[in-house]
Amino acid sequence: MEHAIGMPNKALKIGYDALVSAARRDIDEVTPEGLTELLGSDKIVLIDVREIREVERDGRIPGAFHCPRGMLEFCVDPASPYFQPIFGERRRYVFYCALDWRSALAAQTVQNMGVPDVVHLKGGFKAWKAAGGAVEVPAKVPALGFLSISRKVRSALHQKTT
């Protein structure tokens, strides 16, 4: 029997669990209680790596910047047309997702890219809510402003061809 992706029904070289476990060994974690102590400091930035539908449905930690996991590397790299200036600041970046799998991988990735002060929220948004952490439900998630990014990309591509 084959899986939908066309691979034989056999184990992968490395599965998601091993990837997440390896990431956790490489990064620092903060508990929901520890994060509560950090909130209010202008030295931290909360980065929500969940999909926009999750944020709109479940809310977010107040003040968090939304950057979906699938766009992270592009938003962090200043050479990318998708670069987000928030990632150019010298602050502590606290990544979180629903359970903490994606945020562990995200924190490891940006740390490997050279971002110096990175942690992730242990237990994710689920643990945050269970600990009584504040939640805001935004009417509309501004996310990355994809329309303005698209204009930037079109403009950059146009300049390269002229």
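Summarised in this report is the structure supplied together with it. (Residues numbered from 1 in each chain as written. Predicted model: local features only at pLDDT ≥ 70, side-chain atom pairs only at ≥ 80, totals over all residues. Heavy atoms only, no water.)

1. A look at the packing of aromatic side chains
According to the stated counting rule, one finds five aromatic pairs in the structure shown. Ring plane angle 85° and centroid distance 6.1 Å describe the contact between Phe65 and Phe87, whose orientation is recorded as edge-to-face. Highlighted residues: Phe65 in strand 3 (residues 65-66) and Phe87 in the loop between helix 4 (72-76) and strand 4 (92-96), separated in sequence by 22 residues. The same class applies to Phe65 and to Phe87, which are both buried. Seen in terms of ring centroids, Phe87 and Tyr93 are 5.7 Å apart; in terms of plane orientation they differ by 25°. Their pairing is stacked. (Phe/Tyr/Trp six-rings, centres within 6.5 Å; stacked < 30°, edge-to-face > 60°. Helix = DSSP H or I, 4+ residues; strand = E, 2+ residues; numbered from the N terminus. Buried < 20%, exposed > 50% of the residue type's maximum accessible area, 1.4 Å probe, protein only.)

2. Examining the environment of Ala131
Examined against the element boundaries, Ala131 turns out to sit in the loop between helix 6 (124-130) and helix 7 (146-161). For Ala131, a relative accessible area of 44% corresponds to the partly exposed category. Along the chain, Ala131 and Thr36 lie 95 residues apart, while their C-alpha atoms are 9.8 Å from each other. If we ignore the near neighbours within four places in the chain, the residues touching Ala131 are Pro32 and Glu33. (Contact = heavy atoms within 4.5 Å.)

3. Structural notes on the pattern of salt bridges
Per the counting criterion, the structure on display carries nine salt bridges. Ionic pairing is found between Asp100 and Arg24, a salt bridge with its closest N-O pair at 2.2 Å. Here Asp100, found in the loop between strand 4 and helix 5 (101-113), pairs with Arg24, found in helix 1 (residues 16-26); they are 76 residues apart in sequence, far enough to count as distant. With a relative accessible area of 6%, Asp100 lands in the buried category. (Salt bridge = Lys/Arg side-chain N within 4 Å of Asp/Glu carboxyl O.)

4. A short note on the sheet that holds strand 3
Within a sheet, neighbouring strands are paired by backbone hydrogen bonds and run either parallel or antiparallel to one another. Taken together, the five strands give an open sheet; going across it, the order is 1-5-4-2-3, and neighbouring strands pair in parallel fashion. With partners counted over all chains shown, the strands left at the sheet margins are strand 1 (28-30) and strand 3, one partner each. With three bridges joining them, strand 4 and strand 5 (residues 118-121) adopt parallel strand pairing. Within strand 5, the position partnered with Tyr93 by the bridge is Val118. Where helix 5 meets the sheet, its contacts fall on strand 4 and strand 5, and the angle it forms with strand 5 comes to roughly 175°. (Pairing = 2+ DSSP bridges. Axes fitted to C-alpha atoms, helices over the stretch in contact; angles between N-to-C directions.)

5. Remarks on a nonpolar patch on the surface
A contiguous nonpolar patch, built from Tyr16, Leu99 and Trp101 and spanning about 340 Å² of accessible area, is present on the exposed surface. Within the secondary structure layout, Leu99 lies in the loop between strand 4 and helix 5. A relative accessible area of 41% means that Leu99 is categorised as partly exposed. (Patch = residues over 30% accessible without salt bridge, like charges linked within 9 Å, V, L, I, M, F, W, Y side chains within 5 Å. Areas by Shrake-Rupley, 256 points an atom, 1.4 Å probe, with all protein chains shown as cover.)

6. Overview of the pairing of strand 5
Burial along strand 5 is two-sided: Val118 and His120 and Val119 and Leu121, pointing in opposite directions, are all buried. The pairing of strand 1 with strand 5 spans three bridges and is parallel. By the bridge assignment, Asp28 is partnered in strand 5 with Val119. Between strand 4 and its parallel partner strand 5, the chain crosses via helix 5, and the hand of that crossover is right-handed. (Right-handed = clockwise from strand over helix to strand, strands pointing away.)

7. A word on the environment of Ile52
Looking at the secondary structure, you find Ile52 in helix 3 (residues 52-58). C-alpha of Ile52 to C-alpha of Cys67: the two residues are 15 residues apart in sequence and 8.7 Å apart in space.

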